[in-house]
Amino acid sequence: MEGRNLHLGLDIGFGDVKVVAGVPEGGEASEVRCRKFPSAIAYARSGIIGDLGDEACEKRYNYNGRDFLVGSAALDSPEVFSTRDINFLLSYAPLLAYVALKELSNGSLDLCAKELCVGIPLAYFHSKRQALSEVLRETHVSGESVRFESVEVRAQGQGILFDFMLDGEGRPIAERLDLNLLVLDIGFNTVDLLGVVRGRPSRQWSDMIERGGISRVCEQLGYYLKGEYGFDLSEQSLKDIVRKKEIVLYGATKDLSVVIRGICEDYAGWLVQEVASRWDGFLKRADALVLAGGGAYYLQDYFLSRYPEKFVYVPAEPEYANARGFYKYLRGWTNG
């Protein structure tokens, strides 16, 4: 694999890390791989039972002089961090990028000429873009080093736009150019709205709804579980329950689908109204509303029912749309 390019599209969300890359498989072919894991990080502690527990089975990562658990292994830890803050992204993006690369390459880092395109929330694009690019340029984790030949930072939502406008080789899709679009990226913490006028992002019609994402659903579910069962869970654990729609209580599985459906309906009504109140005039003149991000799974039916048929476009596996678009952008740039 030496000498082959690895194009890496990375979406470090406040809820999940999503990564898409074309991994060389021999000859001229590349396999496009997609991976996802929770953006959960916790301090790795040594327990009083020493080697008797599952400590030896946990993947630990040494970063900046400390040992961490990352992803699913961190979810049940009392030391799990809150992931809503932009400073979390800047501090731990290198660690999460390293884990994403290991996930893609099945534990091997024997891939050179790594090219990275990563997203940042819209409100921080101008103020934090350079800082994110710099911290990701070279990463040192657990005695290994990863250096990216290039790091391109794009606003969240731009990846979804690239995914919509480009084919798998990164070539423009002619009929999707020069359109007026509203890209709605429903993430865990934020909702990013990218207005596109005649195929180009418009600063005037773009904005971010802080704390407007699926974390609102998790927050309401947290209140319910605390009041009903005395549970006090981390945001990352609540996100997992929203996805599974159940919880285990004293060994018995409790179905929470009805409760979660009601919370999602309330949230959808709020978000649809937020979008309509600020972008209704723009949408009336637009060619399409592109709905993506992890929240699209929960809300697509509500948006599809509100707007005319075929006006709302939801890509396949919408939670990967940003990372997939960043990957397509790198493919197109390299193919020239």
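Our subject is the structure that appears above.
Reference entry: report on the structure contained in this document. (Residues numbered from 1 in each chain as written. Predicted model: local features only at pLDDT ≥ 70, side-chain atom pairs only at ≥ 80, totals over all residues. Heavy atoms only, no water.)

**A word on the sheet that holds strand β11 (residues 181-186)**
Ordered in space as β13-β12-β11-β16-β17, the 5 strands form an open sheet in which the pairing is mixed. Because the sheet does not close on itself, it has two edges, and the strands there are β13 (200-209) and β17 (312-313). Relative to β17, strand β16 (residues 288-292) runs parallel, the two sharing 2 bridges. Residue pairing for β17: Leu289 is matched across the bridge by Val312. The strands touched by helix α4 (residues 158-165) within the sheet are β11, β12 (191-197), β13, β16 and β17, with β11 carrying the most contacts at an inclination of about 125 degrees. (Pairing = 2+ DSSP bridges. Helix = DSSP H or I, 4+ residues; strand = E, 2+ residues; numbered from the N terminus. Contact = heavy atoms within 4.5 Å. Axes fitted to C-alpha atoms, helices over the stretch in contact; angles between N-to-C directions.)

**Quick notes on unusual backbone geometry**
Glycine aside, a negative phi is what most residues show, and trans is what most peptide bonds show. We note that Lys245 has phi near 65 degrees; this positive angle belongs to a residue other than glycine. With a phi angle near 70 degrees, Lys310 is a residue other than glycine that sits in the positive phi range. Relative to the helices and strands, Lys310 resides in the loop between α8 (296-306) and β17. Residue Lys310 is classed as exposed on the basis of its relative accessible area of 77%. (Buried < 20%, exposed > 50% of the residue type's maximum accessible area, 1.4 Å probe, protein only.)

**Considerations on the packing of helix α7 (residues 257-285) against α8**
It is the contact of α7 with α8, at a shortest axis distance of 10 Å, that shows an interaxial angle of 50 degrees. By the angle class used here, α7 and α8 are oblique. Remark: the crossing between α7 and α8 carries right-handed chirality. Only Tyr298, Leu299, Tyr302, Phe303 and Arg306 of α8 make contact with α7, whose side of the interface consists of Arg261, Cys264, Glu265, Tyr267, Ala268, Leu271, Val272 and Ala276. Residues belonging to the contact of α7 with α8 are distributed by class as follows: 10 nonpolar, no polar and 3 charged. (Parallel < 35°, antiparallel > 145°, perpendicular 65-115°, else oblique. Left-handed = near helix turned anticlockwise from the far one by under 90°. Nonpolar A, V, L, I, M, F, W, Y, C, P; charged D, E, K, R; others polar.)

**Notes on the packing of aromatic side chains**
Here the structure, examined in full by the defined rule, presents 12 aromatic pairs. When the centroid spacing of 5.5 Å and the interplanar angle of 40 degrees are considered together, the rings of Phe88 and Tyr92 count as tilted. One end of the pair, Phe88, and the other, Tyr92, are both in helix α2 (residues 86-104), 4 residues apart, so they sit about a helical turn from each other. The class for Phe88 is buried, based on a relative accessible area of 7%. The buried category is assigned to Tyr92, whose relative accessible area is 15%. Taken together, a centroid distance of 5.0 Å and an interplanar angle of 40 degrees make the contact between Trp205 and Phe282 tilted. Highlighted residues: Trp205 in strand β13 and Phe282 in helix α7, separated in sequence by 77 residues. Directly above the aromatic system of Tyr43 lies the positively charged group of Arg66, at a separation of 3.9 Å from the ring centroid. Looking at Arg216, its charged tip hangs above the ring of Trp270, at a distance of 3.7 Å from the centre. (Phe/Tyr/Trp six-rings, centres within 6.5 Å; stacked < 30°, edge-to-face > 60°. Lys NZ or Arg CZ within 6 Å of the ring centre and 35° of its normal.)

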